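Each chain is listed here by its residues.
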Amino acid sequence: MNCAGQGVYRSLVQLLLTLKSVILVVFNLKLLIPRNTYFGSNERRREVAAQCREQVRSWVHAAALQAPGAPILLVGTHKDKRADPKEHQELDVQMREALKGYLQREDVNIVPWKAGKLLFYPIDNPQGAEDAVIPELRSAIEESAKPFLEERVPAKWLRVYERLRSLSSSSASSPGSAAGGGEQGLSAVVDREEVRKIAEEYGVTQDPELEALLLRLHQLGTLLYFPEQQLRHRVVLDQSRLVELVTRIIRDPENHPAEHSTVDSDRRLREIDHQAKQ
């Protein structure tokens, strides 16, 4: 799941991170290794770099808070613009200093780039797989996810999972889906009762087993399900659609009226809530 790094999205992260997540904190090397020609004065350059290191630290903190022990990989993009290994080593020292309060904690599991002896993976996006670091990053992700993916589950759970995937795919192409921008709200949200009926078709007939199945799929990031009494009657089949809906709300200028605007913000939010429940 890809979630934007702006602070306004921070509250959304707590819905997406689980103990069985593999978390990538992605940053732009041009911002953490700024140069005079790009940012002007030395003072401004240091200020930008410090702000970006703090952003990385804050996301590591959020990951440790919401998914303690989950693997975290730090990924620096635009290596083609910052290719000097000496600059990477200097940044590594700075990153270790910024994260020194986390590196020794048992609930923080940062997976370093072992081959390069760096805390982060510097990658060149345009090169793709031709960049030697990208296959190593992919391998590190797969290795980090392996313990989760190798856990054994009943075969009938897998059949329920495939059926829910099919249901999610069909809702994505429906006219009223969030991806299509229709007015019927988030069609990827279904009633738990509907999921129960599907599960019964494949032999999951007891509610405790259905609960265990939904929680496992939630932990793996396949869907969103929260067992709290106020939330447990709904299941989000496609996390990306939820992110799209939240993004539309955040980006809609009607939701952020100017200081002296006469727009009723509370009324607008009630309208959005009503559309999402349809």
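Structure's up top.
Please read all numbers here as calculations on a predicted model, not as lab measurements.

Quick one: what's the story with helix H4 (residues 42–66), residue by residue and with numbers?
In this model, H4 (25 residues) spans 36 Å end to end at C-alpha, consistent with the 36 Å of a helix rising 1.5 Å per residue. Among all positions in H4, only Val48, Ala49, Cys52, Val56, Ser58, Trp59, Val60, Ala62, Ala63 and Ala64 are buried.

Provide a residue-level description of the pattern of salt bridges, including the pertinent values.
Scanning the model with the defined rule gives 17 salt bridges in all. With a closest N to O distance of 3.3 Å, glutamate 151 and arginine 216 form a salt bridge. Of this pair, glutamate 151 sits in the loop between helix H7 (133–149) and helix H8 (155–172) while arginine 216 sits in helix H10 (residues 207–219); the two residues are 65 residues apart in sequence, bridging distant segments of the chain. Overall, the relative accessible area of 24% leaves arginine 216 in the partly exposed class. Among the ionic pairs, glutamate 201 bridges to arginine 163, the shortest N-O distance being 2.8 Å. Here glutamate 201 is found in helix H9 (residues 192–201), whereas its partner arginine 163 is found in helix H8, with 38 residues between them in sequence. Overall, the relative accessible area of 30% leaves arginine 163 in the partly exposed class. Where salt bridges share partners, they join Arg192, Asp207, Glu211 and Arg232 into one cluster.

Can you explain the packing of aromatic side chains? Please cite residues and give values.
For the coordinates displayed, the defined rule picks out one aromatic pair. With a centroid separation of 6.0 Å and 65° between ring planes, the pair formed by phenylalanine 27 and phenylalanine 120 is classed as edge-to-face. In this pair, phenylalanine 27 sits in strand S1 (residues 23–28) while phenylalanine 120 sits in strand S4 (residues 120–122), placing the two residues 93 residues apart along the sequence. In terms of burial, phenylalanine 27 and phenylalanine 120 fall into one category: buried.

With reference to specific residues and values, describe the environment of alanine 70.
Here alanine 70 shows up in the loop between H4 and strand S2 (71–77). Between the alpha carbons of alanine 70 and isoleucine 110 there is a distance of 8.5 Å; along the sequence they are 40 residues apart. Setting aside its immediate chain neighbours within four residues, alanine 70 contacts Thr18, Leu19, Ser21, Ile23 and Asn109.

Lay out helix H5 (residues 85–98) in plain terms, naming residues and giving numbers.
With 14 residues, H5 extends 20 Å from end C-alpha to end C-alpha; this agrees with the ideal 20 Å at 1.5 Å per step. Regarding H5, the residues found buried are Glu87, His88, Leu91, Asp92 and Met95. Angularly, the buried residues of H5 cover 145° about the axis, an arc narrow enough to put them on a single face. Those residues of H5 that are exposed and aimed more than 90 degrees away from the buried face are Lys86 and Val93. Looking at the buried side of H5, the elements it contacts are S1, helix H2 (29–32), H4, S2 and S4. Between a side-chain oxygen at the N-terminus of H5 and the backbone nitrogen of lysine 86 the separation is 2.9 Å; the capping residue is aspartate 84.

I'd like a rundown of the nonpolar core, residues and numbers included.
Grouped together as the largest cluster of nonpolar side chains are 38 residues, with contacts concentrated most on Phe27, Val60, Ile72 and Leu74. Looking at this core, the elements that each hand over two or more residues are S1, H2, H4, S2, H5, S4 and H7.

An account of the side chain of aspartate 92 is needed here, citing residue identities and associated values.
Its place among the elements puts aspartate 92 in helix H5. A distance of 2.8 Å separates polar atoms of two side chains, one belonging to aspartate 92 and the other to arginine 96. Beyond its immediate stretch of four places on either side in the chain, aspartate 92 contacts Lys117, Leu118, Leu119 and Phe120.

Criteria and cut-off values
Residues numbered from 1 in each chain as written. Predicted model: local features only at pLDDT ≥ 70, side-chain atom pairs only at ≥ 80, totals over all residues. Heavy atoms only, no water. Helix = DSSP H or I, 4+ residues; strand = E, 2+ residues; numbered from the N terminus. Expected span 1.5 Å × (residues − 1). Buried < 20%, exposed > 50% of the residue type's maximum accessible area, 1.4 Å probe, protein only. Salt bridge = Lys/Arg side-chain N within 4 Å of Asp/Glu carboxyl O. Phe/Tyr/Trp six-rings, centres within 6.5 Å; stacked < 30°, edge-to-face > 60°. Contact = heavy atoms within 4.5 Å. Arc of directions from axis to C-beta. Polar contact = N/O pair within 3.5 Å; in protein donor to acceptor, adjacent residues only side chain to side chain. Core = buried A, V, L, I, M, F, W, Y, C linked by side-chain atoms within 4.5 Å.

This is a description of form; function is not addressed.
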